[in-house]
Amino acid sequence: MTDSKYFTTTKKGEIFELKAELNSDKKEKKKEAVKKVIASMTVGKDVSALFPDVVNCMQTDNLELKKLVYLYLMNYAKSQPDMAIMAVNTFVKDCEDPNPLIRALAVRTMGCIRVDKITEYLCEPLRKCLKDEDPYVRKTAAVCVAKLHDINAQLVEDQGFLDTLKDLISDSNPMVVANAVAALSEIAESHPSSNLLDLNPQSINKLLTALNECTEWGQIFILDCLANYTPKDDREAQSICERVTPRLSHANSAVVLSAVKVLMKFMEMLSKDLDYYGTLLKKLAPPLVTLLSAEPELQYVALRNINLIVQKRPEILKHEMKVFFVKYNDPIYVKLEKLDIMIRLASQANIAQVLAELKEYATEVDVDFVRKAVRAIGRCAIKVEQSAERCVSTLLDLIQTKVNYVVQEAIVVIKDIFRKYPNKYESVIATLCENLDSLDEPEARAAMIWIVGEYAERIDNADELLESFLEGFHDESTQVQLQLLTAIVKLFLKKPTETQELVQQVLSLATQDSDNPDLRDRGYIYWRLLSTDPVAAKEVVLAEKPLISEETDLIEPTLLDELICYIGTLASVYHKPPSAFVEGGRGVVHKSLPPRTASSESTESPETAPAGAPPGEQLDVIPTQGDLLGDLLNLDLGPPVSGPPLATSSVQMGAVDLLGSGLDSLIGTPNFVSPPATAVPANLGAPMGSGLSDLFDLTSGVGTLSGSYVAPKAVWLPAMKAKGLEISGTFTRQVGSISMDLQLTNKALQVMTDFAIQFNRNSFGLAPAAPLQVHAPLSPNQTVEISLPLNTVGSVMKMEPLNNLQVAVKNNIDVFYFSTLYPLHILFVEDGKMDRQMFLATWKDIPNENEAQFQIRDCPLNAEAVSSRLQSSNIFTVAKRNVEGQDMLYQSLKLTNGIWVLAELRIQPGNPSFMLSLKCRAPEVSQHVYQAYETILKN
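Residues numbered from 1 in each chain as written. Predicted model: local features only at pLDDT ≥ 70, side-chain atom pairs only at ≥ 80, totals over all residues. Heavy atoms only, no water.

- Per an unreviewed UniProt entry, the protein chain goes by AP complex subunit beta and derives from Balaenoptera musculus.
- Listed under Subcellular location (unreviewed entry) in UniProt, the entry text for the protein chain is "Endomembrane system".
- Word for word, the UniProt comment on the protein chain under Sequence similarities (unreviewed entry) is "Belongs to the adaptor complexes large subunit family." (UniProt positions renumbered as here; feature names shortened; annotations may be inferred.)

## Description of the nonpolar core
Link 1 in the chain: The biggest cluster of nonpolar side chains holds 212 residues, and the ones touching the most others in it are Tyr72, Leu126, Val244 and Phe418.
Link 2 in the chain: Once residues lying within four places of it in the same chain are set aside, the contact partners of Phe418 are Tyr425, Glu426, Val428, Ile429, Leu432, Trp450, Ile451 and Tyr455. (Core = buried A, V, L, I, M, F, W, Y, C linked by side-chain atoms within 4.5 Å. Buried < 20%, exposed > 50% of the residue type's maximum accessible area, 1.4 Å probe, protein only. Contact = heavy atoms within 4.5 Å.)

## With respect to the sheet that holds strand S12 (residues 900–907)
Link 1 in the chain: On the basis of which strands lie adjacent, the open sheet formed by five strands has the order S9-S13-S12-S11-S10 and antiparallel pairing. Every other strand in the sheet has two partners, leaving strand S9 (851–856) and strand S10 (876–883) as the edge strands with one partner each. Within this sheet the neighbouring strands show an average axis-to-axis angle of 20 degrees, counted without direction.
Link 2 in the chain: Here helix H36 (residues 836–845) sits on the sheet and contacts S9, S10, strand S11 (886–894), S12 and strand S13 (914–920); the angle it forms with S12, its principal contact strand, is near 95 degrees.
Link 3 in the chain: Each of S9, S11, S12 and S13 is contacted by helix H38 (residues 926–938), which is oriented at about 25 degrees to S9, the strand it contacts most. (Pairing = 2+ DSSP bridges. Helix = DSSP H or I, 4+ residues; strand = E, 2+ residues; numbered from the N terminus. Axes fitted to C-alpha atoms, helices over the stretch in contact; angles between N-to-C directions.)

## So, the sheet that holds strand S4 (residues 756–759)
Link 1 in the chain: Strand order in the open sheet formed by three strands is S4-S7-S8, and the pairing between neighbours is antiparallel. Every interior strand has two partners, whereas the edge strands, S4 and strand S8 (815–821), have only one. Within this sheet the neighbouring strands show an average axis-to-axis angle of 25 degrees, counted without direction.
Link 2 in the chain: In the sheet, S4 pairs with strand S7 (residues 804–810) via four bridges, with the strands oriented antiparallel. Following the sheet pairing, Ala756 is matched in S7 by Lys810.

## Thoughts on the pattern of salt bridges
Link 1 in the chain: Going through the model one piece at a time under the given rule, you end up with 37 salt bridges.
Link 2 in the chain: Of the charged contacts, one joins Glu337 and Arg304 as a salt bridge, the two residues approaching to 3.3 Å between their closest N and O atoms. A residue pair is termed long-range when its members are at least 10 positions apart, and Glu337 in helix H19 (residues 332–345) and Arg304 in helix H18 (residues 296–312) qualify at 33 residues. Arg304 carries the same exposure label as Glu337, and that label is buried.
Link 3 in the chain: Among the ionic pairs, Glu454 bridges to Lys490, the shortest N-O distance being 2.7 Å. Of this pair, Glu454 sits in helix H25 (residues 442–454) while Lys490 sits in helix H27 (residues 478–494); the two residues are 36 residues apart in sequence, bridging distant segments of the chain.
Link 4 in the chain: Here Glu454 falls in the buried class, since its relative accessible area comes to 17%.
Link 5 in the chain: Residue Lys490 is classed as buried on the basis of its relative accessible area of 4%.
Link 6 in the chain: Ionic contacts of the salt-bridge type, sharing partners, join the residues Arg371, Arg375, Glu409, Glu441 and Glu443 into one network. (Salt bridge = Lys/Arg side-chain N within 4 Å of Asp/Glu carboxyl O.)

## Focus: the pairing of S8
Link 1 in the chain: The element S8 is extensively covered by neighbouring structure, given that five of its seven residues are classed as buried.
Link 2 in the chain: For S7 and S8, the ladder comprises seven bridges, and the chain directions are antiparallel. The partner of Lys810 across the bridge, within S8, is Val815.
Link 3 in the chain: Here S7 hands over to S8 after four residues, the two strands then running antiparallel side by side.

## Brief notes about a negative patch on the surface
Link 1 in the chain: On the surface, Glu464, Glu467, Glu471 and Glu501 cluster together into a patch of negative charge.
Link 2 in the chain: Residue placement: Glu467 occurs in helix H26 (residues 462–470). (Patch = residues over 30% accessible without salt bridge, like charges linked within 9 Å, V, L, I, M, F, W, Y side chains within 5 Å. Areas by Shrake-Rupley, 256 points an atom, 1.4 Å probe, with all protein chains shown as cover. Lys, Arg positive; Asp, Glu negative; His and termini not counted. Charge placed at Lys NZ, Arg CZ, Asp CG, Glu CD.)

## Here we look at the confidence of the model for the protein chain
Detailed reading of the predicted model is not advised wherever pLDDT is low.
Link 1 in the chain: Chain-level statistics for the protein chain give a pLDDT mean of 80 and a share of 85% at 70 or above.
Link 2 in the chain: Of the regions scoring below 50 in pLDDT, residues 598–706 engages in 196 contacts with residues more than four places distant in sequence or in other chains. (pLDDT = per-residue confidence, 0-100.)

Here's what the structure looks like:
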């Protein structure tokens, strides 16, 4: 008998009848009535009028009836909060029922009733259930804490439930442990600042023990939690990897991917010379291969994750090329993804196999797939130089098939091969020219025109070929028009006598008859170049071209490291960090791989940085295309970051724990980022010791009250790179406030308006604290000076070098990008003076390998002057003593994110060279602090 009868009734007095049945004395009749109510509720009828009658049915021992009533209660409690209070007594009773299933059912339903009024009544029953003797009740109660936290976080914290949850991590039952971890992770995601999952080797050991006995979803929660832990050294990392490895053979693909994520993260800390490292690489391949025998949707998710893994560690799957060969019945999305991975794994050893396979794909019926296969052959030629000849002959065979779209793709990739290997394969040009008439796609036509223009001297009838394109010039796409213009100018420079008419014709078409500003501008530039200085024109147009690189579609390294931390989640399928597709900031914490240990990779430390390089000089920072444009183009040039500073977990920074594992951990205060500099009231005047002269120094214009050194303005964005907008600037710190002093000059011929500014994520979270306000339109040849207040509560990402700041400025003309280096002393805070005992204890506590030594030359100041000058930039002298005629200054400073730096400065009277020793928990900072010392003392 089915339950369909409950859904079939259309009587007028339905509610009335149900009411009567609900109040019946017969248990069976009651149960039937509740089922009818649930059926009506399921199809969307409003049965909220029956709330009191249904709630009365709660007083029963029948588990099925209780479940139905609880289901009704969850649905209507929100719309009837006053009535829902009637149910509280029953919850309290049910939480003490001898049957653990009923206790668990009560606590589960409590968590689902999202009514503020009721929550405080539920605390007592929940507290009992968290300490229940039955593990099933405890595991249900653990999840209930997370739900309650979502409704009323403050209540959960006040009632001490979070501490009880932390205790449950040590529970004897693995399922309770897994649910406690899941609940804490959920709460930690919505409050990234709270250090709830305070993982240490002991708690990690408990989690690993529970891992073997959990259900599969419990294992996933535990593995994801392990992935957020940073082992203290490579031995601990290896021991965790050994205990996680058995999960790779689990039947559930989610468990496998979570285990792969943990291993990929911790492999960062293992030395490549270890035998275990090689063993781990071998163990990672089979589970990834097994994932590819699942259904297509799962295969696709696995392939997207494998794509990331192969970019990070290609050696894992280098011998598994065959599993990525396409099957005839694979859906197109799986085929394209496999093709991508095949190219990433292509090497000299397997290229013959790969090419044979790709040639086969190029004869398939699926047009998109064929195009991608032909492109793949070109990518192989560019990636594996030894195979280039074989690839070119394969492409020529494909051109002979005369299949239109195959020919067009082949021509596009051959253009790239010419760019990579100049003067090697030009003999095939004749074959390409035969197919000129069949080209109808803009990209293929543009590629062919480029080839004709580039190698015009080798093609006898180059002028005729280009002239044939010129006939329908206005019907061509912009890409083809631009390419044709350049090709004809190249041809003219190579054969001036024969092509004078042709070049005149194309220049007048581009400049007089075209509406496209790009085409018109390029036409005018060529016209002027050719008419004023043909020699210069030759140097510009026929200049040597840089070779193209093999992998143009690799994910930018810092993004790749972040995505590796998200293996097995949506981020790894989209290949985007969660912040790019999760609305609102909730739960989005930037993750990065743990730092390599000293034994695993001998990276050049800041101490060994070339001391000969003058610190005052700005390094020429050229951000990589993917790094700067990728990040900045995604930015919404909206209002700047402001608001209370968030405490940030140390996971974000990866290689440097730039987020406050400074001295605060010693003192015992929480690791909060210090408040934004702007919070210091201006009327506090100068800090002690900077002297009254600073306060009354009115001659210094906008001079900094605290006397901190300000570098002269430098040109950050020249006008020629920003369509006439020139930006100069410098950074200042005055009375605890950081600002960027900008000078904007309009060197264009049009008015500039609508200015906005945005910073890329950077090492110290620098961000504009207010919009960029240019009050009046900026007329041609006008200059305006603006002071932009900054704070340090923006997103954090370690930059190279550490003090690199990438900036996007927008106006009514375009968006422009530049990068600059900010001096580190603008981040030295006013409360950076440490007391002597603390200084001594900390100096001893920081390991000796973190000490860096530098020499400051040509500085004729004495100890007093040095101390006073440094103090004005917030480098404080803690103690001073004289040893064998040398003045020793012991100094401390604190950065905005809570990192302390301790210094010992040795000054020999009469000797202009000082010795500076720096100690810090984040040694990457030392080189930049030394540069700050040089800058402050020498200016």
